[in-house]
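Structural characterization, general
Here is how the chains run, residue by residue.
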Amino acid sequence: MRDLARFLASGRGKRDWALTDVYDVEAVLVGSPKARKRRLVVLGQFFRFARSRRIVLVDPSHALTARGPSGFTGATLTLDQQRVLFRRWTTGPAVHPHEALLGMLALLHGASSREVKMLQASDLDPHARTTRLGDRPHPVALDPASWAVLERCLAHPEAQRTENPHVMVTRQTKPGRGPASTAYVSHVLDACGFPPRMIRCTRLLDLVSTMDPKLVAVAFGMDPEGTLIYLADHVDAGRLPER
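The structure presented is a predicted model; accordingly, all values stated were derived computationally and were not measured.

Calculation rules
Residues numbered from 1 in each chain as written. Predicted model: local features only at pLDDT ≥ 70, side-chain atom pairs only at ≥ 80, totals over all residues. Heavy atoms only, no water. Axes fitted to C-alpha atoms, helices over the stretch in contact; angles between N-to-C directions. Helix = DSSP H or I, 4+ residues; strand = E, 2+ residues; numbered from the N terminus. Parallel < 35°, antiparallel > 145°, perpendicular 65-115°, else oblique. Left-handed = near helix turned anticlockwise from the far one by under 90°. Contact = heavy atoms within 4.5 Å. Nonpolar A, V, L, I, M, F, W, Y, C, P; charged D, E, K, R; others polar. Salt bridge = Lys/Arg side-chain N within 4 Å of Asp/Glu carboxyl O. Buried < 20%, exposed > 50% of the residue type's maximum accessible area, 1.4 Å probe, protein only. Disulfide = S-S within 2.5 Å.

**Some remarks on the packing of helix α2 (residues 22–30) against helix α3 (residues 36–52)**
Contact geometry of α2 with α3 gives a least axis separation of 10 Å together with a crossing angle of 150°. Comparing their axes, α3 and α2 come out roughly antiparallel. Helix-helix and strand crossings are classified by hand; for α2 and α3 the assignment is right-handed. Across the interface between the two elements, Val25, Glu26, Val28 and Leu29 of α2 pack against Arg36, Arg39, Leu40, Leu43 and Phe47 of α3. Here the contact of α2 with α3 is composed, by residue class, of 6 nonpolar, no polar and 3 charged.

Right under this line is the structure:
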C-alpha cells in the first residue's frame with residue numbers, strides 16, 4: 001500500500017484513492033513480478049474495505065490476476081546509460097578486454113553470454129569484419145568500435161601462446177580447448193553494474209520496436225514468439241519510439 005500510495009502521488013499526480021484505476025495497480029505490480037500474487041491479495045483486501053466504506057466506488061484490482069502479463073517486463077538501459085557504457089568499453093584502458101567484448105556485443109549486436117563465450121577465432125572474417133554468433137543464420141557485420149574491442153581481446157596476454165580456439169580465454173581455459181565457464185561469464189560485467197541479460201534485452205527491445213519482429217527473429221536465429229514478447233505490456237519509460 002505504501003508503494004502504491006507513493007506511485008500515485010509522485011508518478012500519477014493522484015492524491016485520492018478514488019482516482020486509482022486498474023492501470024495504476026498494474027504498474028505497481030509489474031515492478032515486483034515475483035511478489036505479484038502476495039501484493040495483489042493485499043491490494044484486493046484494501047480496496048474491498050475501501051469500497052465498503054465508500055472511499056472508492058470500484059475495486060481497481062478486481063479484474064487483475066495473479067498470473068500477470070505474458071509480455072516483457074524486465075528492466076532496460078536508458079540512452080544515457082548506454083552512452084556511458086559505450087564510452088567505458090571503447091575508451092577505458094583499465095577495463096578488462098572480456099568485459100568490453102561481452103558488453104559491446106550485447107549492447108550493439110544483442111549477443112547473449114553463451115554466444116560470446118562460444119565465439120572462436122575461426123568464426124571471424126578479418127577482411128569482411130564479420131563474425132558468426134551462435135545459431136544465427138548469417139554472419140554479423142561488426143562496426144569499427146566492436147571490431148577494435150574484439151582485436152584487443154585477441155591480443156590479451158591470456159589469449160596468447162595457447163591452443164584454445166576461443167576468443168575469450170581465461171587462466172583456467174588457457175591450457176585446454178574448452179570455453180570459459182558459465183560462472184565466469186556471468187560475472188564478467190559486474191564492474192560496470194549491469195547484467196548481460198539487461199543489456200541484451202535493451203538491444204532486442206529497440207530492434208523489435210523499430211523493425212519487423214519476424215525479421216529480428218530470423219536474423220537472431222530465434223523463435224518468432226521469442227521476439228513478440230517485446231511488443232507487449234510494460235517497458236521502461238523512454239524505450240519505445242515517440243509518436
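**Some thoughts on the pattern of salt bridges**
Taken as a whole and assessed by the stated rule, the structure comprises 10 salt bridges. A salt bridge links glutamate 26 to arginine 36, with the shortest nitrogen-to-oxygen separation between them at 2.8 Å. Of this pair, glutamate 26 sits in helix α2 while arginine 36 sits in helix α3, placing them 10 residues apart in sequence. Exposure remark for arginine 36: the relative accessible area of 5% places this residue in the buried category. Among the ionic pairs, arginine 203 bridges to aspartate 206, the shortest N-O distance being 3.2 Å. Of this pair, arginine 203 and aspartate 206 both sit in helix α9 (residues 196–210), 3 residues apart, which is roughly one turn of that helix.

**Examining unusual backbone geometry**
Where the residue is not glycine, phi is negative for most of them; where a peptide bond is considered, it is trans in most cases. At arginine 54, a residue that is not glycine, the phi angle is positive and equals roughly 65°. Mapped onto the secondary structure, arginine 54 falls in the loop between α3 and α4 (79–91). The phi dihedral of arginine 129 is positive, around 55°, even though this residue is not glycine. Here arginine 129 shows up in the loop between β1 (124–125) and β2 (130–131). The exposure class of arginine 129 is partly exposed, given its relative accessible area of 37%.

**Quick notes on the state of the cysteines**
The final tally for this structure, using the stated rule, is 0 disulfides. A disulfide-free cysteine, cysteine 192 has its sulfur positioned 14 Å from the sulfur of cysteine 201, the nearest such atom. On the basis of relative accessibility, which here comes to 5%, the residue cysteine 201 falls in the buried class.

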